[in-house]
Amino acid sequence: MELAELKAWIHVDYDDDDNVIQMIYDAVIEEMTELIPDFDSTSMTARQRLLTCVYVKELYDNREQMENKKSTMRYAIQSMLLKEMLN
């Protein structure tokens, strides 16, 4: 996915956080690669693309809270990720 596409999804129209967004995206891709059998980040399914966007937004929006307390993924993210893992 392109950085511009992620920024549009998370409603960021400035460049100040590009490195943070890219780092979060890279971590999400690493996580999905480890958890989803035969995951290919260059040819994601629609559900995988949506999962990536939602996961990046969740981590971006709550990045400061994660420093202070344990954060849990929302049910929708967990559900989509579980479905991908079991495919």
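Just so we're clear, the structure is a prediction, and the values are computed from it rather than from any experiment. (Residues numbered from 1 in each chain as written. Predicted model: local features only at pLDDT ≥ 70, side-chain atom pairs only at ≥ 80, totals over all residues. Heavy atoms only, no water.)

Caption draft 1: Highlighting the packing of helix H2 (residues 18-35) against helix H3 (residues 46-61). For the pair H2 and H3, the least separation of the axes is 9 Å and the interaxial angle reads 130 degrees. Taken together, the axis directions place H2 and H3 in an arrangement best described as oblique. For the crossing formed where H2 meets H3, the hand is right-handed. Judged by residue contacts, Val20, Ile21, Ile24, Tyr25, Val28, Ile29, Glu31 and Met32 of H2 engage Gln48, Leu51, Thr52, Tyr55, Val56, Leu59 and Tyr60 from H3. By residue class, the composition of the contact of H2 with H3 is 12 nonpolar, 2 polar and 1 charged. (Axes fitted to C-alpha atoms, helices over the stretch in contact; angles between N-to-C directions. Helix = DSSP H or I, 4+ residues; strand = E, 2+ residues; numbered from the N terminus. Parallel < 35°, antiparallel > 145°, perpendicular 65-115°, else oblique. Left-handed = near helix turned anticlockwise from the far one by under 90°. Contact = heavy atoms within 4.5 Å. Nonpolar A, V, L, I, M, F, W, Y, C, P; charged D, E, K, R; others polar.)

Caption draft 2: Focus on unusual backbone geometry. The phi torsion at His11 lies on the positive side, around 60 degrees, for a residue other than glycine. Summarising the element assignment, His11 is placed in the loop between helix H1 (3-9) and H2. For Asp38, which is not glycine, the phi torsion reads 60 degrees and is therefore positive. Examined against the element boundaries, Asp38 turns out to sit in the loop between H2 and H3. Given a relative accessible area of 80%, Asp38 falls into the exposed group. (Buried < 20%, exposed > 50% of the residue type's maximum accessible area, 1.4 Å probe, protein only.)

Caption draft 3: Expanded view of the pattern of salt bridges. All told, the structure shown has 6 salt bridges when counted by the stated rule. Among the ionic pairs, Lys7 bridges to Asp15, the shortest N-O distance being 2.9 Å. Here Asp17 makes a salt bridge to Arg63, at a shortest N to O gap of 3.7 Å. Taken as a pair, Asp17 in the loop between H1 and H2 and Arg63 in the loop between H3 and helix H4 (65-68) lie far apart in primary sequence, 46 residues in all. (Salt bridge = Lys/Arg side-chain N within 4 Å of Asp/Glu carboxyl O.)

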